[in-house]
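# Coordinate inspection notes
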Amino acid sequence: MEFEEYVSARGQELVRLGFTVSGDYQRAEDLAQIALMQAFRSWRKVRKADDPHHYVRRILVNEYLSMTRRRSFTEAPTADVDPHRTVPDPAAGIVDSDDLWHALQELSARERVVLVLRYYQDLDDRTIAELLGIKPSSVRATASRGLATLRLAISRTGKQSNRVDERLS
């Protein structure tokens with residue numbers, strides 16, 4: 001498979017994974033672009049891997065975890081913005097209304113990545129452990145802590161819906 005074919009087939013999937021772990025569409029696009037740039041630089045090696053998509057997905061996840069360790073990750077712009085001149089994002093209302101989305105924000109970067117890879121990407125513990133370079137038992141422990149944090153965050157809102165409870169079970 002050539003690089004262009006891979007990008008056409010899997011590029012949007014990488015952006016979705018980036019969005020799911022980061023919660024920010026622009027950051028998701030950056031993560032996908034960085035992962036694809038790094039994969040392009042060593043495409044011969046990536047292409048020869050058993051599963052090239054697994055290889056590129058690992059690049060994206062590692063870049064996200066690395067990004068969260070930087071001081072600039074938590075910084076927010078402070079420029080004065082005129083609220084009357086900005087265009088509201090129509091998707092913001094949907095995202096803001098989702099209790100589960102807000103609860104995901106309370107997770108650590110590693111907990112969030114583990115839960116996204118397990119429940120969104122439907123990967124097993126061994127595969128997640130290989131992606132993150134940790135033991136499968138660490139994946140299970142991290143997932144357990146992450147789910148406990150999500151349950152606590154959802155219970156604090158007082159708006160537990162059956163849909164959210166089903167996802168966390």
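Below, the structure is looked at part by part. (Residues numbered from 1 in each chain as written. Predicted model: local features only at pLDDT ≥ 70, side-chain atom pairs only at ≥ 80, totals over all residues. Heavy atoms only, no water.)

### Quick look at the overall build of the protein
- On a plain count of helices and strands, the protein comes out with ten helices and zero strands.
- Along its sequence from the N terminus, the protein presents helices and strands in the succession α-α-α-α-α-α-α-α-α-α.
- Here the analysis covers contacts within the protein between residues at least 6 apart in sequence; of these, 64% occur between residues at least 24 apart.
- With an accessible surface of roughly 10700 Å², the protein has 50% of that area assigned to carbon and sulfur atoms. (Helix = DSSP H or I, 4+ residues; strand = E, 2+ residues; numbered from the N terminus. Contact = heavy atoms within 4.5 Å. Areas by Shrake-Rupley, 256 points an atom, 1.4 Å probe, with all protein chains shown as cover.)

### Details of unusual backbone geometry
- A positive phi angle, near 55°, is found at D122, a position not held by glycine.
- Following the sequence through the fold, D122 ends up in the loop between helix 7 (109-120) and helix 8 (125-132).

### Overview of the packing of helix 1 (residues 3-22) against helix 4 (residues 52-68)
- Interaxial distance between helix 1 and helix 4 falls to 11 Å at its minimum, and their mutual angle equals 30°. Crossing handedness for the pair helix 1 and helix 4: right-handed. Contact with helix 1, carried on its side by Y6, R10, E13, L14, L17, G18, V21 and S22, involves P52, H53, V56, R57, L60 and Y64 of helix 4 and no other residues of that element.
- Looking at side-chain class alone, the contact of helix 1 with helix 4 contains eight nonpolar, three polar and three charged residues. (Axes fitted to C-alpha atoms, helices over the stretch in contact; angles between N-to-C directions. Left-handed = near helix turned anticlockwise from the far one by under 90°. Nonpolar A, V, L, I, M, F, W, Y, C, P; charged D, E, K, R; others polar.)

### Remarks on the pattern of salt bridges
- Within this structure, the stated rule accounts for six salt bridges.
- Measuring nitrogen to oxygen at the nearest pair gives 4.0 Å for the salt bridge that ties E111 to R145. One end of the pair, E111, is in helix 7; the other, R145, is in helix 9 (residues 136-157), and 34 residues separate them in sequence.
- Each of the salt bridges in this network shares a partner with another, and the network as a whole consists of R118, D125 and R140. (Salt bridge = Lys/Arg side-chain N within 4 Å of Asp/Glu carboxyl O.)

### Section: the nonpolar core
- Judged by nonpolar contacts, the single largest core of 44 residues is most densely connected at V56, V113, L117, L132 and L150.
- For this core, the elements supplying multiple residues, two or more each, are helix 1, helix 2 (25-41), helix 3 (43-48), helix 4, helix 6 (99-105), helix 7, helix 8 and helix 9.
- Ranked by residues supplied to this core, first place goes to helix 4 with seven residues. (Core = buried A, V, L, I, M, F, W, Y, C linked by side-chain atoms within 4.5 Å. Buried < 20%, exposed > 50% of the residue type's maximum accessible area, 1.4 Å probe, protein only.)

### As for the side chain of T20
- Here T20 shows up in helix 1.
- Other than its neighbours up to four places away in sequence, T20 contacts R112, V116 and Y120.

### Some points on helix 7
- Helix length check: helix 7, at twelve residues, gives a terminal C-alpha distance of 15 Å against a target of 16 Å (1.5 Å per residue), a fit within 8%.
- In terms of residue burial, helix 7 counts as a mostly covered element, since nine of its twelve residues are buried.
- Where helix 7 is concerned, the buried positions are A109, E111, R112, V113, V114, L115, V116, L117 and R118.
- D122, located one to two residues past helix 7, shows a positive phi value of around 55°. (Expected span 1.5 Å × (residues − 1).)

### Some details on helix 2
- Between its first and last C-alpha, helix 2 extends 24 Å over 17 residues, near the 24 Å set by a 1.5 Å rise per residue.
- Taken as a whole, helix 2 has its buried residues at A28, L31, A32, A35, L36 and A39. Down the axis of helix 2, the buried set is contained in an arc of 125°. They therefore lie on one face. Turned more than 90 degrees away from the buried face of helix 2, the exposed residues are Q26 and R41.
- Of the surrounding secondary structure, the elements contacted by the buried residues of helix 2 are helix 1, helix 3 and helix 4.
- A distance of 3.1 Å separates the backbone nitrogen of Q26 from a side-chain oxygen at the start of helix 2, and that oxygen is part of D24. (Arc of directions from axis to C-beta. Polar contact = N/O pair within 3.5 Å; in protein donor to acceptor, adjacent residues only side chain to side chain.)

Limitation: the analysis is restricted to geometry and does not speak to function.
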